[in-house]
Amino acid sequence: MSLSLSAASRRLDAFAGRWTMYRLTTLLLLAMTAWSFVLSAAGQLFYTPAELAATAATAVVSALVASRVMGLLFRTRPQTDSSVITGLLLYFLFWPTTEGSQLLTVALAAGAATASKYLLVWHGRHIFNPAAFGAAVLAVTGLNSAVWWVAAPLMLVVVLPAAALILYRNRLLPMAGVFLLASGAIIVARFLSGGEPLTTALATLIASYPVLFFAGFMLSEPLTLPPRRVQRLLEAAVVGVLFAVPLNLGPVYMSPELALLIGNLLAFALAPRAGIRLRLRENRALTPTARELVFEPLRPLTFRPGQYVELSLPHASPDARGARRIFSLTTAPEKPDTVAVGLRATEPYSSFKSTLLKLKPGAVISGTTVAGDFLLPRDPGVPLLLMASGVGITPFMSHLRSLAARGSSGESTGGSLGRDVVLVYAASSVEELAYAAELHGMGIRVLVCTPTDPKISGWTWLGPGLPDAQALAQEVPDTARRAAYVSGSPSAVAPARAAVRGAGGRSVKTDAFLGY
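Residues numbered from 1 in each chain as written. Predicted model: local features only at pLDDT ≥ 70, side-chain atom pairs only at ≥ 80, totals over all residues. Heavy atoms only, no water.

Participant: Teacher, can you tell me more about the overall build of the chain here?
Facilitator: Looking only at helices and strands, the chain has 17 helices and 16 strands in total. Against the 2.2 N^0.38 benchmark of 24 Å for 516 residues, the chain shows a C-alpha radius of gyration of 25 Å, consistent with a compact globule. Principal axes of the C-alpha set define a box for the chain whose edges measure 75 × 55 × 40 Å. A fraction of 72% describes how many contacts in the chain between residues 6 or more apart in sequence connect residues 24 or more apart. Taken as a whole, the chain presents about 21,900 Å² of accessible surface, with 61% of it coming from carbon and sulfur. Across the chain, 43 positive and 28 negative side-chain charges occur, with their mean positions spaced 2 Å apart. (Helix = DSSP H or I, 4+ residues; strand = E, 2+ residues; numbered from the N terminus. Rg over C-alpha atoms; globule rule 2.2 N^0.38 Å. Contact = heavy atoms within 4.5 Å. Areas by Shrake-Rupley, 256 points an atom, 1.4 Å probe, with all protein chains shown as cover. Lys, Arg positive; Asp, Glu negative; His and termini not counted. Charge placed at Lys NZ, Arg CZ, Asp CG, Glu CD.)

Participant: Where do I start with the pattern of salt bridges in this structure?
Facilitator: Oppositely charged side chains can form a pair if their charged atoms are brought close together. Evaluation of the coordinates by the stated rule reveals 13 salt bridges. Where Asp 420 meets Arg 481, a salt bridge forms, and the shortest distance between an N and an O atom there is 3.4 Å. Of this pair, Asp 420 sits in the loop between helix H14 (393-408) and strand S12 (421-426) while Arg 481 is found in the loop between helix H16 (469-475) and strand S15 (483-488), placing the two residues 61 residues apart along the sequence. With a relative accessible area of 49%, Arg 481 lands in the partly exposed category. Here the salt bridges share partners, and the residues they tie into one network are Arg 284, Glu 292, Arg 401 and Glu 438. (Salt bridge = Lys/Arg side-chain N within 4 Å of Asp/Glu carboxyl O. Buried < 20%, exposed > 50% of the residue type's maximum accessible area, 1.4 Å probe, protein only.)

Participant: Would you explain the sheet that holds strand S10 (residues 364-371) in this entry?
Facilitator: Pairing between the strands of a sheet comes from backbone hydrogen bonds, and it takes one of two forms, parallel or antiparallel. Across the sheet, which stays open at both edges, the six strands sit in the order S8-S7-S10-S5-S6-S9 with antiparallel pairing between neighbours. Strand pairing shows two members of the sheet lacking a second neighbour, strand S8 (324-328) and strand S9 (339-344), which therefore form its edges. Strand-to-strand twist of the sheet, defined as the mean angle between neighbouring strand axes without regard to direction, takes the value 40°. Inspection of the sheet shows strand S7 (residues 308-312) paired to S10 by five bridges, in the antiparallel sense. Each bridged residue has a counterpart across the sheet, and for Val 309 the counterpart in S10 is Val 370. (Pairing = 2+ DSSP bridges. Axes fitted to C-alpha atoms, helices over the stretch in contact; angles between N-to-C directions.)

Participant: Looking at this structure, I do not really get helix H3 (residues 49-74). What am I missing?
Facilitator: A turn of α-helix holds 3.6 residues, and therefore any two residues three or four places apart point the same way. Given a rise of 1.5 Å per residue, 26 residues ought to cover 38 Å, and the 37 Å separating the end C-alpha atoms of H3 matches this to within 8%. Downstream of H3 by one or two residues, Arg 75 has phi in the positive range, about 55°. (Expected span 1.5 Å × (residues − 1).)

Participant: What is the right way to look at a nonpolar patch on the surface in this model?
Facilitator: Among the surface-exposed residues, Val 61, Val 65, Val 69, Leu 73, Phe 74 and Leu 119 lie close enough to one another that they form a single nonpolar patch of about 560 Å² accessible area. Sorting elements by how many residues they give to the nonpolar patch places H3 first, with five residues. Owing to a relative accessible area of 63%, Leu 73 belongs among the exposed residues under this scheme. (Patch = residues over 30% accessible without salt bridge, like charges linked within 9 Å, V, L, I, M, F, W, Y side chains within 5 Å.)

Participant: I would appreciate a short explanation of the packing of aromatic side chains in the present structure.
Facilitator: We describe a pair of aromatic rings using the distance from one ring centre to the other and the angle between the two ring planes. Counting across every chain of the model gives 21 aromatic pairs. Pairing Phe 92 with Trp 149 gives two aromatic rings, centres 5.4 Å apart and planes at 40°, and the pair type is tilted. Note that Phe 92 is positioned in helix H4 (residues 80-93) and Trp 149 in the loop between helix H6 (130-141) and helix H7 (156-169), a separation of 57 residues in sequence. The exposure class of Phe 92 is buried, given its relative accessible area of 0%. (Phe/Tyr/Trp six-rings, centres within 6.5 Å; stacked < 30°, edge-to-face > 60°.)

Participant: What's the story with the environment of Val 382 in this structure? I'm lost.
Facilitator: Relative to the assigned elements, Val 382 resides in the loop between S10 and strand S11 (384-389). Taking relative accessible area as the criterion, Val 382 reaches 22% and is therefore assigned partly exposed. Distance in space between the C-alpha atoms of Val 382 and Gly 100 is 65 Å, their sequence separation being 282 residues. Look past the residues within four positions of Val 382 in its chain and what remains in contact with it is Pro 377, Arg 419 and Ala 483.

Participant: Would you mind going over the confidence of the model for the chain with me for this structure?
Facilitator: In low-pLDDT regions, the fine details of the predicted coordinates are not to be read closely. Residues at a pLDDT of 70 or more form 94% of the chain, whose mean pLDDT is 91. Under a pLDDT of 50 for its full length, residues 1-5 has, in the predicted model, one contact with residues more than four places off or in other chains. (pLDDT = per-residue confidence, 0-100.)

Participant: Would you mind showing me how to read unusual backbone geometry here?
Facilitator: In terms of backbone geometry, most residues other than glycine have negative phi values and most peptide bonds are trans. The peptide bond linking Glu 347 to Pro 348 adopts the cis configuration, its omega dihedral lying at 0°. Tracing the chain through its elements places Pro 348 in the loop between S9 and helix H13 (351-357). Located in the positive-phi region is Tyr 435, a residue other than glycine, with phi close to 65°. Within the secondary structure, Tyr 435 sits in the loop between S12 and helix H15 (436-442).

Participant: What is the right way to read the pairing of S12 from this model?
Facilitator: Here is the key point about a regular strand: its side chains alternate between the two faces of the sheet. The element S12 is largely enclosed, with a buried count of six among its six residues. Where S11 and S12 come together, six bridges link them in parallel fashion. Across the sheet, Ala 388 pairs through a bridge with Tyr 425, a residue of S12. Bridge count for S12 against strand S13 (residues 445-449) is five bridges, and the pairing is parallel. Within S13, the residue paired with Ala 426 across the bridge is Cys 449.

Participant: What's the story with the nonpolar core in this structure? I'm lost.
Facilitator: Grouped burial of nonpolar side chains is what soluble globular proteins tend to show. In terms of nonpolar packing, the biggest core is built from 74 residues, with Met 32, Phe 213, Phe 217 and Met 218 touching the most fellow members. Here the element with the most residues in this core is H4; it accounts for eight residues. Ignoring anything within four residues of it in the chain, the contact list for Met 32 reads Phe 92, Val 150, Met 155, Val 158, Val 159, Ala 162, Phe 213 and Phe 217. Of all hydrophobic cores here, the second largest spans 29 residues; its members include Leu 384, Ile 393, Tyr 425 and Ala 483. (Core = buried A, V, L, I, M, F, W, Y, C linked by side-chain atoms within 4.5 Å.)

Participant: Looking at this model, I keep getting lost on the environment of Ala 139. Mind explaining?
Facilitator: You can see Ala 139 is positioned in helix H6. Note on Ala 139: relative accessible area 34%, which makes it partly exposed. Distance from Ala 139 to Pro 305, taken between C-alpha atoms, is 44 Å for residues 166 residues apart in sequence. Setting aside chain neighbours within four positions, we find Ala 139 in contact with Asn 144 and Glu 257.

Below is the structure:
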């Protein structure tokens with residue numbers, strides 16, 4: 001069963017990883033839009049195709065125009081995918097119509113949503129979900145109210161798989177689960193108290209409330225999420241309760257969009273608000289296809305080993321991947337004067353990576369956030385099994401360098417790193433073993449997986465590819481008692497996780513590189 005699940009996970013990761021997060025979201029929203037027209041033409045929606053077309057065109061065109069205007073005012077290049085996403089989200093929120101005055105309010109909502117991306121930001125991060133903000137502006141001013149008509153029974157045919165894919169791609173299924181549990185429990189309880197049967201209450205929740213669309217496309221907006229998993233779960237619970245409980249403050253009534261905005265404020269309060277500014281010190285080769293960029297932070301950067309930083313690099317003619325990218329930090333927080341990231345450097349480059357790799361020493365780049373939960377157990381007595389494939393070694397370098405820094409300062413005991421560590425490291429060739437000399441100097445046990453033996457003293461060569469369950473159990477017979485961590489491409493992470501579980505491992509944390 002684990003092998004079949006691993007294969008299915010690899011296929012799903014490969015499918016979702018073909019596009020950036022923005023492009024995937026755009027494609028899914030377009031598919032949902034097309035399906036709404038099919039339902040309308042078949043008489044299965046209350047709205048006519050003309051009403052759908054007028055509303056969709058107004059929302060998307062208004063968002064694109066507003067984005068161009070704001071881009072000119074702020075001298076930045078707007079991202080088309082982001083504008084289309086905002087417009088399509090608003091399309092599913094407001095009542096479809098061909099009436100000019102109502103279409104004008106949809107255009108105003110798109111304008112307010114777009115303006116919020118430029119005005120209500122903090123160091124590159126949105127304070128509020130743009131679409132929710134646009135809808136809330138119209139509600140507060142009394143010009144229009146979002147009806148979330150996407151919550152139609154037959155729309156579930158596309159909303160359910162689309163939302164599930166977005167949440168899987170973003171690794172936000174647990175967050176969505178907390179939101180659905182919190183909101184669903186309250187809504188169902190309200191129906192039950194009114195005498196509705198449980199089956200009817202559940203069916204109404206799924207088919208007539210926008211809980212799935214909300215969780216998949218609104219709550220998951222990446223630039224408004226707090227950095228840690230537990231914080232995201234807390235936000236989901238708070239938003240779920242507000243979503244389901246009928247509250248009002250004077251003339252303002254609680255709505256899905258207002259519940260989300262309150263959750264966004266909570267996320268903003270939980271997230272670090274210090275700006276990230278890094279001056280490039282060195283661009284050095286790690287392997288023929290990987291590099292490490294070493295920076296000097298212009299202000300202290302707070303992070304924990306295993307976390308990532310999102311860099312922002314506006315540049316001319318950005319491609320579909322946009323002007324932001326996530327990279328694992330490779331340095332130790334114990335050495336605050338140096339911050340580094342590792343990355344693959346194989347052509348063809350994205351516009352972002354091409355611009356990044358051309359930066360000269362002294363260039364300054366900004367970041368939007370530090371986040372991630374790929375963290376080691378705090379208890380130094382817990383033995384570790386680290387499995388890295390290719391550039392997946394980068395987050396482990398932050399872990400190991402931090403352990404080495406603490407060991408050299410006398411903060412830990414029990415070996416050069418103060419912890420029982422086994423590293424399984426796979427690369428496509430001996431030349432692609434990044435940090436090999438540094439890792440050898442740390443004195444940890446390394447099981448190296450390359451087509452040929454690198455002949456590094458003290459390292460055990462296992463041949464090409466990460467080991468399967470049988471080989472892992474043979475080489476690391478105490479896998480069951482180790483906290484296991486797996487990092488690399490999705491195609492490597494899924495079988496490695498299955499191998500750990502097959503060898504008896506119980507705790508497996510993964511860090512798959514899916515892009516942004």
